[in-house]
Amino acid sequence: MNPVLKMYTVREICDGFEYNELEGKGLYGLKGKLTIQPEYQRNYIYADGKRDVAVIESVLKKYPLGLIYFNKVGEDRYEVLDGQQRITSLGRYIKNKFDVKYSGKFKSFTGLDKEVQDRILDTELLVYVCEGTEEEIKEWFKTINIVGIPLNKQEELNAIYSGPFVSACKAEFSNTEHTDKQKWGSFVKGPANRQQFLATALEWVANSKTVSPDTASSKDPVEAYLSKHRRDDNIKEIKTYFETVINWVDNLFDEIHPEMCGLPWGDLYERYGKKSYDHTEVSAKVKQLLLDDYVQDRRGIFEYVLGGCKESRLLNIRLFDKSTQRRVYLRQTEEAKEKGESNCPLCALGSSSNAKRIYKFEEMDADHMTAWSKGGKTTEDNCQMLCKTHNQAKGNR
């Protein structure tokens, strides 16, 4: 890396700036010589009425905006290495995309006096212009982005594996105006502009593929997939797989519940996607379980139902409290001593040396006499204390 310190005005940097509302990208500056958002950069995330406004307020108050870094990519051609959020905020304000409170009133750029407009446009920005190899640039990009809002994992991967594939994926999955954004958001957590839809789509499709041993040894499935397809400009596979999983979930359940968002639907599709279900029965069972006060892990309901309602561990059924356990333990122990048998009802039925053993409280576990999955409630009259061995063996029977 060979950084050279230069000075540019806001007027110069934003000359030729255009903002793409559809993709959330500031495109060019310096009369087209500066690419403001290279493909390895994250999307613009300052458009929240706070951070973008703070940039303009800092300029108006003559506060320094900090160092900006350009990467020289050709003769008199550059791309922003660090500072695209600040530059895009400046460009968007100059293009009247938002207002800033000034002299007690909210004003767009053209609503300011000419003297104030010039003060903004003539503000000088310190820029380090760097030259280096692709790997040096990306490593430097990751280093300088440690401060401020850190890159998340997918944003780092976008930088490392930048190319036509990542660019096409970002255009599809990171587009905040995508017509399916609301539908995706019912099942996938996180905003599009922080790459969460893309990260999920990559995880789902990558985990569905068999990765060659030599690749798998050095990269996780997502990295292996990105490495393999980096130079591709066709994203049909990832797009189709993502849509297939989303449509499978959407069609399987009659209602969308908040607990669905963020579940590992790709993994669930691989395990249950080829099975046939009566969506009416599935939805009815889900609704019943969501209303069950004994179910503590509501997010586990969907996998539980898809798996045939066999793994009650997924639901984390409410257990008997300690006071209930102690009352049942004392009652069982007293009755067992009178009969001369074990206070574990199952041990008492046997002929081993444990048939008359009196267990300590801490040696026993509370058990539903009638399993919750078979209609048993977590109430004292359905509670029995069993020795740990028998309780573990009893399971759901």
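Reading guide: rules and limits
Residues numbered from 1 in each chain as written. Predicted model: local features only at pLDDT ≥ 70, side-chain atom pairs only at ≥ 80, totals over all residues. Heavy atoms only, no water. Buried < 20%, exposed > 50% of the residue type's maximum accessible area, 1.4 Å probe, protein only. Helix = DSSP H or I, 4+ residues; strand = E, 2+ residues; numbered from the N terminus. Contact = heavy atoms within 4.5 Å. Salt bridge = Lys/Arg side-chain N within 4 Å of Asp/Glu carboxyl O.

*Asks:* Got a sec to walk through unusual backbone geometry? Specific residues and values, please.
*Replies:* Residues other than glycine seldom take positive phi values, yet K31 does so here, at roughly 55°. Here K31 falls in the exposed class, since its relative accessible area comes to 66%. Although it is not a glycine, N316 adopts a positive phi angle of roughly 50°. Within the secondary structure, N316 sits in the loop between α15 (301-306) and α16 (322-339). The exposure class assigned to N316 is partly exposed, which follows from its relative accessible area of 43%.

*Asks:* Report on the environment of Y128, specifying residues and quantitative values.
*Replies:* Positionally, Y128 belongs in strand β10 (residues 124-130). Note on Y128: relative accessible area 26%, which makes it partly exposed. A sequence separation of 125 residues divides Y128 from P3, and the C-alpha atoms of the two residues are 5.6 Å apart. The contact partners of Y128, leaving out residues within four places of it in the chain, are P3, V4, L5, L67, I68, Y69 and F70.

*Asks:* Break down the pattern of salt bridges for me, with residues and values.
*Replies:* One pass over the structure, following the stated rule, counts 21 salt bridges. Of the charged contacts, one joins K114 and D118 as a salt bridge, the two residues approaching to 2.8 Å between their closest N and O atoms. One end of the pair, K114, and the other, D118, are both in helix α4 (residues 114-121), four residues apart, so they sit about a helical turn from each other. Overall, the relative accessible area of 22% leaves D118 in the partly exposed class. The salt bridge partner of E172 is K239, with a shortest N-O separation of 3.9 Å. Separated by 67 residues along the polypeptide, E172 in helix α7 (residues 164-173) and K239 in helix α12 (residues 236-252) bring together distant segments of the chain. The class of E172 is buried, set by a relative accessible area of 13%. Members of the salt-bridge network, linked through shared partners, are R11, K114, D118 and D122.

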